[in-house]
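Fold and geometry: a report
Chain by chain, the residues run as shown.
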Amino acid sequence: MARPQKSLGWHPVTETRVGIRGTNIVVLGVEKKSVAKLQDERTVRKICALDDHVCMAFAGLTADARVVINRARVECQSHKLTVEDPVTVEYITRFIATLKQKYTQSNGRRPFGISALIVGFDDDGIPRLYQTDPSGTYHAWKANAIGRSAKTVREFLEKNYTEDAIANDNEAIKLAIRALLEVVQSGGKNIELAIIRRNQPLKMFSAKEIEFQVTEIEKEKEEAEKKKTKKNI
Amino acid sequence: MALQDVCKWQAPDTKELSLCLPPAGSWAVPRGCDPQTFLQTQGPSLAHGTTTLAFRFRHGVIAAADTRSSCGNYVACPASLKIIPVHRHLLGTTSGTSADCATWYRVLQRELRLWALREGHLPSVASAAKLLSAMMSRYRGLDLCVATALCGWDRSGPALFYVYSDGTCLQGNIFSVGSGSPYAYGVLDRSYHYDMSIQEAYALACCAVARATHRDAYSGGSVDLFHVRESGWEYVSRSDVCTLYTELQELPEPDQELKAEDQELEAEAEASQTHLEPATPPRAGESGELFLGPREETPEDSRMPAETETP
């Protein structure tokens with residue numbers, strides 16, 4: 001079975017992705033490597049909507065991701081056509097996972113070289129986060145990270161994902177950004193963020209909004225530091 | 001993928017609705033013959049006439065049907081069951097060709113069961129209706145005749161869909177299907193309102209079918225009454241139409257003295273229906289009729305008749 005070979009120049013995009021499932025919101029954050037000077041930033045999109053209520057972020061080969069995302073988008077609409085209901089997040093995750101698995105068990109093909117974080121809300125209003133990997137397995141998560149330094153981020157999340165942390169939407173967003181800031185160099189301008197609130201479509205954060213959140217986080221950090229030093233005194 | 005293209009190998013499409021019936025166009029028919037013309041000229045005259053109705057209201061969905069299966073002028077079965085359960089929360093009233101209805105309902109049952117196993121929950125009534133109409137529309141032009149109302153209770157509450165074999169799939173509050181449907185519609189449109197009580201709904205359904213069987217030659221026998229509630233479907237009663245009709249005739253006329261409660265009920269009934277007919281005189285005995293509950297509940301009737309009753 002052919003594997004993507006680094007020597008051939010297939011450098012997988014393995015920047016960190018983080019996904020968080022809040023009470024009324026789901027958040028996807030991605031690390032954005034600084035682009036070359038002459039490259040147009042807007043053509044590089046890491047967070048993709050699969051339907052109005054589901055979106056995904058991937059880590060791995062961008063070209064493979066394009067194929068998978070396209071198939072998933074078509075499946076979302078076919079499902080609506082055949083059964084009148086929008087897909088559940090679990091259904092589309094299972095579809096993507098089954099697709100990936102097929103390619104691990106066929107002749108003449110190689111597996112898709114991507115891991116994906118799929119988030120969204122079901123019809124019953126429950127938020128969901130799933131992760132798939134190239135083998136075709138999928139699991140539900142409360143919060144997870146994929147890509148480079150996923151382990152560090154996951155450890156951070158394990159320490160900091162509490163009921164309070166996700167109690168309101170803003171806190172969940174901050175948690176995602178804080179998790180990314182653990183591993184991202186040079187702060188806010190290397191982060192891309194998207195959220196879905198219940199019954200609302202996908203919202204991509206603009207650079208300004210991210211900066212705003214980052215400044216707030218830094219303020220909170222400073223205040224926490226001050227409190228600590230006061231205690232120590 | 002390159003190898004696949006070279007070999008022109010097609011992945012088996014497992015996502016398509018799995019039908020173990022021959023695809024459209026490959027039914028075994030005499031060579032050089034168009035199935036539709038064949039059936040029209042040489043085939044048996046298939047069972048068609050019926051009165052079925054279904055309506056949704058606050059407390060669920062009522063489905064009622066007569067029990068006469070006719071084949072032209074011959075009554076093939078006077079006690080057939082035209083309402084087929086699909087699963088705990090879904091029923092279908094059947095009309096058209098009995099054989100087609102029976103077959104397609106079995107296919108629908110299978111598809112819904114597979115869906116439930118894969119997804120972990122049953123699909124909504126809208127999904128079931130869509131699935132059925134999509135499956136049947138592939139056989140369009142081959143003289144399939146299935147006119148059915150799917151009655152169910154799903155996450156969105158009571159749901160009612162009309163599906164026809166040419167692919168029509170309509171949502172509505174009242175549907176009546178079959179040769180007796182115009183007569184049934186007349187009765188239903190007069191007295192239906194969403195906030196009826198359960199007893200009123202039972203009475204209305206039985207009344208509509210009984211009156212339709214009185215006028216339509218191809219409907220008769222008994223009235224089967226089903227009720228789909230939140231907890232599932234329930235077989236309410238099977239009442240003989242002749243007895244029902246006689247009882248309906250015996251109810252008091254409005255110019256006779258009504259009891260005090262009947263007068264109140266009439267006022268209520270009028271008030272709820274004034275938006276329909278503002279200028280007419282008081283309704284003829286409707287309020288009295290509305291309390292015709294299920295009468296014929298003999299021990300055999302309250303049991304669900306065995307599947308062998310299905311024509």
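For chain B, an unreviewed UniProt entry supplies the name Proteasome subunit beta and the organism Dipodomys ordii. Recorded under Catalytic activity (unreviewed entry), the UniProt text for chain B is reproduced unchanged: "Cleavage of peptide bonds with very broad specificity." Looking at the Function (unreviewed entry) heading of the UniProt record, one finds this comment for chain B: "Component of the proteasome, a multicatalytic proteinase complex which is characterized by its ability to cleave peptides with Arg, Phe, Tyr, Leu, and Glu adjacent to the leaving group at neutral or slightly basic pH. The proteasome has an ATP-dependent proteolytic activity."

Identification of chain A as Proteasome subunit alpha type-7-like isoform X2 from Dipodomys ordii is taken from an unreviewed UniProt entry. In the Subcellular location (unreviewed entry) part of its UniProt record, chain A is described as follows: "Nucleus".

This brings us to the side chain of Gln131 of chain A. All names here are of chain A. The residue Gln131 is located in strand E6 (residues 127-132) in this model. Overall, the relative accessible area of 14% leaves Gln131 in the buried class. In this structure the side chain of Gln131 is engaged in a polar contact, spanning 2.9 Å, whose partner is the side chain of Asn144. In this structure Gln131 touches Ala116, Leu117, Thr137, Tyr138, His139, Trp141, Asn144 and Ile146, once residues within four positions along its chain are discounted.

To continue, consider unusual backbone geometry. Glycine aside, residues mostly have negative phi angles, and peptide bonds mostly take the trans form. Residues and elements named next belong to chain A. A positive phi is found at Glu84, a non-glycine position, where the angle reads about 65°. Locating Glu84 in the fold gives a position in the loop between helix H1 (62-83) and helix H2 (89-102). Residue Glu84 is classed as partly exposed on the basis of its relative accessible area of 39%. One non-glycine residue with positive phi stands out, namely Asn199, at about 65°.

Below, the discussion takes up the pairing of strand E4 (residues 54-60) of chain A. Residue and element names in this part refer to chain A. Of all seven residues in E4, seven are buried, a share of seventy percent or more. Side chains Val54, Met56, Phe58 and Gly60 project from E4 onto one buried face, and the interleaved Cys55, Ala57 and Ala59 project onto a second face that is buried too. Two elements, strand E3 (residues 47-51) and E4, share four bridges in a ladder whose sense is antiparallel. From the neighbouring strand, Asp51 faces E4, where its bridge partner is Val54. Counting the residues that bridge the hairpin from E3 to E4 gives two residues. Bridge count for E4 against strand E5 (residues 114-121) is seven bridges, and the pairing is antiparallel. When the bridges of E5 are listed, Ala57 appears paired with Leu117.

The rules behind each value
Residues numbered from 1 in each chain as written. Chains lettered and ligands numbered in written order. Predicted model: local features only at pLDDT ≥ 70, side-chain atom pairs only at ≥ 80, totals over all residues. Heavy atoms only, no water. UniProt positions renumbered as here; feature names shortened; annotations may be inferred. Helix = DSSP H or I, 4+ residues; strand = E, 2+ residues; numbered from the N terminus. Buried < 20%, exposed > 50% of the residue type's maximum accessible area, 1.4 Å probe, protein only. Polar contact = N/O pair within 3.5 Å; in protein donor to acceptor, adjacent residues only side chain to side chain. Contact = heavy atoms within 4.5 Å. Pairing = 2+ DSSP bridges.

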